[in-house]
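The residues making up each chain are set out below.
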Amino acid sequence: MKITYFGHACLGLEINGINVLVDPFITANEKAKHIDINSIKADYILLTHAHQDHILDAEQIAKRTGAKIISNYEIVTHYNNLGIDGHPMNHGGTWTFDFGKVKYVNAIHTSSFPDGSYGGQPGGFVIEADKTIYIAGDTALTYDMKLIPMAFKLDLAILPIGDNFTMGINDALIASDFIECNAIMGYHYDTFGYIEINHNEAKNTFAKASKTLTLLDIGNTLEL
Ligand code: NI
Ligand code: MN
């Protein structure tokens, strides 16, 4: 599995030649000006919740690529109404796709669309393919995370670390204990003033606990 960071909470996963894009928010991200959304490949688009900083470019990319949207029922219905195909899920549910198994798991957050309409309840994803990863979505630290290692042995967890709207670094460290995973990639930081972080401090916090925090430059790829 290859994971490319497109900034904010947007990830491009390449799994056995299949491209899975997560939470595309690129064209309005000042820090991702060098990313051309027309060059992004997508067979599927996973959306954790309906907030603008997670869905902004989903419609355009889905229409260009024909990608199928995977999200909660309300978000998939919203895209169905725009003529975009999707696979609806809800919390606790698992489905096997051609790239691997996806479970939609709990997140503590909100999920309205930019116009205020209901975007279902927010979630995260556990993906079981050649590697097993947890993409937390926007979330607070929650005891529900303890359920994950009861069913999965994670190779990597992608956690929000920007604070203010989600967990910050200290809670993300506790989350890594809850999910029993010492390899963490941070996301949802630095995009706006509210979520700027000190990279060295963040990495040291994890290093002191004998854990790894990876912070990718936008456009860079991590190979698992
Ligand atoms: Ni959000
Ligand atoms: Mn967000």
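The structure reproduced in this document is the subject of the present report. (Residues numbered from 1 in each chain as written. Chains lettered and ligands numbered in written order. Predicted model: local features only at pLDDT ≥ 70, side-chain atom pairs only at ≥ 80, totals over all residues. Heavy atoms only, no water.)

With that out of the way, let us pick up the coordination of the manganese ion (ligand 2). The protein atoms donating to the manganese ion (ligand 2) are Asp53 (OD), His54 (NE2), Asp138 (OD) and His188 (NE2), with metal-donor distances spanning 2.1 to 2.2 Å. All donors of the manganese ion (ligand 2) belong to a single chain; written as a sequence motif, their spacing is D-H-x83-D-x49-H. Between the manganese ion (ligand 2) and the nickel ion (ligand 1) the interatomic distance comes to 3.1 Å, and Asp138 is a ligand of both metals. Of this pair, His54 sits in helix α1 (residues 52-55) while His188 sits in the loop between β12 (183-187) and α6 (199-208), and the two are 134 residues apart along the sequence. Across the pair, exposure class does not vary: His54 and His188 are buried alike. (Donors = N, O, S within 2.8 Å, 3.2 Å for Na, K, Ca; no water. Helix = DSSP H or I, 4+ residues; strand = E, 2+ residues; numbered from the N terminus. Buried < 20%, exposed > 50% of the residue type's maximum accessible area, 1.4 Å probe, protein only.)

We now examine helix α3 (residues 73-80). Residues of α3 that are buried: Ile75, Val76 and Tyr79. Down the axis, α3 shows its buried residues gathered within 95 degrees of arc, on one side only. Close packing links the buried residues of α3 with α1, α2 (58-65), β5 (68-72) and β6 (86-89). Put simply, Asn72 is the residue that caps the front of α3, since its side-chain oxygen is 3.2 Å from the backbone nitrogen of Glu74. (Arc of directions from axis to C-beta. Contact = heavy atoms within 4.5 Å. Polar contact = N/O pair within 3.5 Å; in protein donor to acceptor, adjacent residues only side chain to side chain.)

Our focus in this paragraph is unusual backbone geometry. Not every positive phi belongs to a glycine, and His188 is a case in point at roughly 60 degrees. Unusually for a residue other than glycine, Ser210 sits at a positive phi of about 60 degrees. On the secondary structure map, Ser210 appears in the loop between α6 and β13 (212-214). For Ser210, a relative accessible area of 64% gives the class exposed.

Time to look at the environment of Asp217. The residue Asp217 is located in the loop between β13 and β14 (221-223) in this model. Judged by its relative accessible area of 55%, Asp217 falls in the exposed class. With 212 residues separating them in the primary sequence, Asp217 and Tyr5 have C-alpha atoms 7.2 Å apart.

Turning our attention to the environment of Asp130. With respect to the secondary-structure elements, Asp130 resides in the loop between β9 (123-128) and β10 (132-135). Sequence separation between Asp130 and Asp23 is 107 residues, and the spatial gap between their C-alpha atoms is 21 Å. Not counting residues up to four positions away in its chain, the partners in contact with Asp130 are Met1, Ile15 and Asn16. Of the polar contacts made by the side chain of Asp130, one reaches the backbone nitrogen of Met1; its length is 2.7 Å.

Tallied over the entire structure, the rule returns eight aromatic pairs. Among the aromatic residues, ring-to-ring pairing joins Tyr44, Phe97 and Phe99 into one connected group. Above the face of the Tyr143 ring, Lys146 is positioned so that its terminal group lies 4.8 Å from the ring centre. (Phe/Tyr/Trp six-rings, centres within 6.5 Å; stacked < 30°, edge-to-face > 60°. Lys NZ or Arg CZ within 6 Å of the ring centre and 35° of its normal.)

Across the sheet, which stays open at both edges, the seven strands sit in the order β7-β8-β9-β10-β11-β12-β13 with mixed pairing between neighbours. At either margin of the open sheet sits one strand with a lone partner, and together these are β7 (94-97) and β13. Each adjacent strand pair in this sheet contributes to an overall mean axis angle of 20 degrees, direction not counted. Sheet strands touched by helix α5 (residues 169-178): β11 (156-160), β12 and β13. Its angle to β11, the strand with the most contacts, is close to 150 degrees. (Pairing = 2+ DSSP bridges. Axes fitted to C-alpha atoms, helices over the stretch in contact; angles between N-to-C directions.)

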